[in-house]
Amino acid sequence: MTQNVQVSDSYWLQTAPGGAPRPALAEDLDVDVAVIGAGVAGLSAAWELTRAGRSVAVLEAGRVAAGVTGYTSAKLTVLHTLVYDRLRRTRGPEGARLYARSQSEAIEHAAGIVAELGIDCDWETRDAYTYVRDPGRVDELRAEAAAAEEAGLPASFVTETGLPFPVAGAVKVTGQAQFHPVKYLLALAADLEARGGRIFEGTTVQGLDEGEPCRVRTEAGATVTARDVVVATHYPIFDRALLFARLSPRRELVVAGTVEADRDVDGMYITPEENTRSVRTAPLADAGRRLLVVTGEHFTPGTGDTRERFARLAAWADEHFPGVERTHAWATQDIDPTDTVPMVGPLHPGAHHTYVATGFGGWGLSGGMMAGRLLTAQITREECAWSGLYDPRRLRTAVREAPALLKTQAEVARHFVGDRLRPTPPVEALPPGEGAVVRAGGDRLAVYRDEEGALHAVSPRCTHLGCLVDFNAAERAWECPCHGSRFGTDGRVLEGPATKPLERREI
């Protein structure tokens, strides 16, 4: 791999089966459940609900599985870096056991779906490792291994791995999985539709009236009337329980390339060191080679130079896996909760028929599958042992971990105020392919100069809550550092919670 990183689409999206877009919702519709979002959480919930006998409509602003789920590293594991020792301390041993059990059962359930539907999604069983190279952190990993084992997982502390470099120690959990997430979800969507469920792509939701029944309003003016509504848009597009104050966006980069099959690392790896490094491989059509997937360099959207971060990640891959031929580079986005555990359940304290799934903290595949089962149990009024653990209405743990919440809000306030005081470059200084927030005619404008030299200007105010966006030169997108909304150079929404584009401006 060289360090001149050109951003591509994700490997998962490039190698998924094609197909014509599904039509947008064009007329009013009545169903039992409306699911907003067709990623892993939304489609898992919709599929489970359809199997439970509910009529379901899925409303997706883009394409099925083409959002955050299409850009994941695609590891299915209960080993979520370093989580069990912290859960043991903050939620008690029973909370850690419930977390482990809920995630384990979700992965086992997914394996059953793959077998039942005969899904060709490159499913492979692999062991998962969280490793460190710093001897000073070994005790931390020993405690994590002990906590994970106490939580009921097949966990142990080891010092040998399949990585091509030594480690000081690692937590190992056996019998985990990796797969092609887009192939899996497309098969799930097809089976959902075969069972009577309906999926509408290109359908942006902009309003929700809670009641009996609920009413979901789309940008095009159609209304879906439903007894229950699930908001599964990764970052919620509705904030009716101050969820925004308890969530923070995190962007992460991926580089991938081919390697000889005999250099397979034989496992899934992650370290909290070096601003995170995650490693796995995937099968290729050429049985003699595999795809090496390296992830890391997490950062808040709209901050810093993404090109430099891609270069650092590529350099790390070059150093540790020399000779790898890079084929792909992309980025993904995660949402971290301030108190460790995802938020899955009623949308707010007064909600009776509206639900949310968010805050998966980088582990949205097992978390989304878990959420689909949990939300189905709640909507069908079945008991679920871990409903309380994931309940978004929880306050005790939010108060206990208040420093994280206050830090998140301090960052938002710093960007909201400080970014308005930032000096702005002159428009004339923008080279082709670059963008910046500038002053023109007394106003701030977000201006991008394309490769032909033409200028494209939009409002720099994020349409979510008004923070100023900044330009990501590697991906050529405007990003909001407050809550992670992302926009194209023409202002169109790439990622929420914003649902409206940046307004176009004239220079």
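A.B. asks: Please set out helix α7 (residues 306-320) residue by residue, giving values where relevant.
C.D. replies: For α7, which comprises 15 residues, the first-to-last C-alpha distance of 21 Å matches the rise-based estimate of 21 Å (1.5 Å per residue) to within 8%. Those residues of α7 not exposed but buried are Thr 306, Arg 309, Phe 310, Ala 311, Leu 313, Ala 314, Trp 316, Ala 317 and His 320. Its buried side turned inward, α7 meets β4 (124-132), β11 (247-260), β13 (277-283), β14 (289-299), β15 (325-337) and β21 (470-472). The N-capping residue of α7, defined by a side-chain oxygen 2.9 Å from the backbone nitrogen of Arg 307, is Asp 305.

A.B. asks: I'd love a proper account of the nonpolar core, names of residues and values included.
C.D. replies: With 80 residues, the main nonpolar core has Tyr 84, Tyr 184, Val 344 and Tyr 390 as its most contacted residues. In terms of residue count, helix α4 (residues 92-117) provides more of this core than any other element does, 9 residues in total. The contacts of Tyr 390, once residues within four sequence positions are left out, are Tyr 99, Ser 102, Gln 103, Val 341, Pro 342, Met 343, Val 344, Met 370 and Leu 374. Membership of the second largest hydrophobic core comes to 28 residues, among which are Ile 36, Val 205, Ala 226 and Phe 244.

A.B. asks: Give me the lowdown on the sheet that holds strand β19 (residues 443-449), citing residues and values where you can.
C.D. replies: Strand pairing in a sheet relies on backbone hydrogen bonds, with the paired strands running either antiparallel or parallel. Spatial strand order, β18-β19-β20-β25: 4 strands in an open sheet with antiparallel pairing. On the outer flanks of this sheet lie β18 (434-440) and β25 (504-505), each paired with one strand and no other. Across 7 bridges, the pairing between β18 and β19 is antiparallel. Counted as the bridge partner of Arg 439 is Arg 444 from β19.

A.B. asks: Give a description of the layout of surface pockets that names residues and reports values.
C.D. replies: When its volume is computed, the second largest pocket comes out at roughly 330 Å³. Looking at the second largest pocket, it is lined by 15 residues, and the ones nearest its centre are Pro 17, Gly 19, Arg 63, Val 64 and Leu 186. For the lining of the second largest pocket, a count of residues per class yields 9 nonpolar, 2 polar and 4 charged.

A.B. asks: I'd love a proper account of the side chain of Thr 271, names of residues and values included.
C.D. replies: Here Thr 271 shows up in strand β12 (residues 268-271). Polar contacts involving the side chain of Thr 271 include one to the main-chain amide nitrogen of Glu 273, which spans 3.1 Å. Discounting residues that sit within four places of it in the chain, Thr 271 has contacts with Tyr 131, Val 132, Thr 276 and Arg 277.

A.B. asks: An account of empty space enclosed by the protein is needed here, citing residue identities and associated values.
C.D. replies: Overall, the coordinates contain 2 cavities of 30 Å³ or more when judged by the stated rule. Forming the walls of the largest cavity are Ser 44, Trp 47, Glu 48, Ala 106, His 109, Ala 110, Ile 113, Tyr 184, Leu 188, Met 369 and Arg 373. If one sorts the elements of the lining of the largest cavity by residue count, α4 sits on top with 4 residues. In terms of residue class, the lining of the largest cavity is made up of 7 nonpolar, 2 polar and 2 charged. Forming the boundary of the second largest cavity are Lys 75, Thr 77, Leu 79, Ala 128, Tyr 129, Met 268, Tyr 269, Ile 270 and Trp 363. At the level of secondary structure, the elements contributing two or more residues to the lining of the second largest cavity comprise β4 and β12.

A.B. asks: Describe the sheet that holds β21, with residues and values.
C.D. replies: The antiparallel open sheet is built from 4 strands, whose spatial order is β21-β22-β23-β24. In this open sheet, the two strands that pair with only one neighbour each are β21 and β24 (493-495).

A.B. asks: Give a description of helix α8 (residues 364-379) that names residues and reports values.
C.D. replies: For α8, with 16 residues, the first-to-last C-alpha span of 21 Å sits near the 22 Å given by 1.5 Å per residue. Of all 16 residues in α8, 14 are buried, a share of seventy percent or more. After α8 finishes, the residue Arg 381 shows a positive phi value of roughly 60°.

A.B. asks: How would you explain unusual backbone geometry if you had to name every residue and give the values?
C.D. replies: Residue Pro 213 is bonded to the preceding Glu 212 through a cis peptide linkage, with omega at 10°. Tracing the backbone through its elements, the reader meets Pro 213 in the loop between β8 (205-209) and β9 (214-218). Along the chain, Gly 496 connects to Pro 497 via a cis peptide bond; the corresponding omega equals 25°. Summarising the element assignment, Pro 497 is placed in the loop between β24 and β25. The backbone phi angle of Thr 81 is positive, close to 60°, even though this residue is not glycine. Of note, Thr 81 is situated in the loop between β3 (75-76) and α3 (84-90).

A.B. asks: Which residues make up the pairing of β11, and what values go with them?
C.D. replies: By the criterion of burial, β11 is predominantly enclosed, with 12 of the 14 residues buried. In the sheet, β11 pairs with β15 via 12 bridges, with the strands oriented antiparallel. Counted as the bridge partner of Ala 256 is His 328 from β15. Note that β11 and β14 share 9 bridges and pair antiparallel. When the sheet's bridge partners are listed, Gly 257 is paired in β14 with Leu 292.

A.B. asks: Could you give an account of the packing of α4 against α8, with specific residues and numbers?
C.D. replies: Where α4 contacts α8, the two axes come as close as 8 Å, and the packing angle between them is 90°. Taken as axis vectors, α4 and α8 run roughly perpendicular relative to one another. Here Ser 102, Gln 103, Glu 105, Ala 106, Ile 107, His 109 and Ala 110 of α4 come into contact with α8, specifically with Ser 366, Gly 367, Met 369, Met 370 and Arg 373. Residue composition of the contact of α4 with α8, by class: 5 nonpolar, 5 polar and 2 charged.

A.B. asks: Can you tell me about the packing of aromatic side chains, naming the residues and giving the values?
C.D. replies: Under the criterion given, the structure shown has 11 aromatic pairs. Their ring planes at 10° and their centres at 4.7 Å tell us that Tyr 129 and Tyr 269 sit as a pair that is stacked. With Tyr 129 in strand β4 and Tyr 269 in strand β12, this residue pair connects regions lying 140 residues apart in the sequence. In this pair, the class of Tyr 129 matches that of Tyr 269, namely buried. Through a chain of ring-to-ring contacts, three or more aromatic side chains come together here, namely Tyr 131, Phe 165, Trp 316 and Phe 321. In this structure, Arg 309 packs its charged tip against the face of Phe 299, placed 4.1 Å from the ring centre.

Here is what the cut-offs are and how they apply
- Residues numbered from 1 in each chain as written.
- Predicted model: local features only at pLDDT ≥ 70, side-chain atom pairs only at ≥ 80, totals over all residues.
- Heavy atoms only, no water.
- Helix = DSSP H or I, 4+ residues; strand = E, 2+ residues; numbered from the N terminus.
- Expected span 1.5 Å × (residues − 1).
- Buried < 20%, exposed > 50% of the residue type's maximum accessible area, 1.4 Å probe, protein only.
- Contact = heavy atoms within 4.5 Å.
- Polar contact = N/O pair within 3.5 Å; in protein donor to acceptor, adjacent residues only side chain to side chain.
- Core = buried A, V, L, I, M, F, W, Y, C linked by side-chain atoms within 4.5 Å.
- Pairing = 2+ DSSP bridges.
- 1 Å grid on protein atoms, 1.4 Å probe; cavity = no way out; pocket = protein on both sides within 12 Å on 5 of 7 lines; lining within 4 Å.
- Points joined across faces, edges and corners; volume = space filled by probe spheres on them.
- Nonpolar A, V, L, I, M, F, W, Y, C, P; charged D, E, K, R; others polar.
- Axes fitted to C-alpha atoms, helices over the stretch in contact; angles between N-to-C directions.
- Parallel < 35°, antiparallel > 145°, perpendicular 65-115°, else oblique.
- Phe/Tyr/Trp six-rings, centres within 6.5 Å; stacked < 30°, edge-to-face > 60°.
- Lys NZ or Arg CZ within 6 Å of the ring centre and 35° of its normal.

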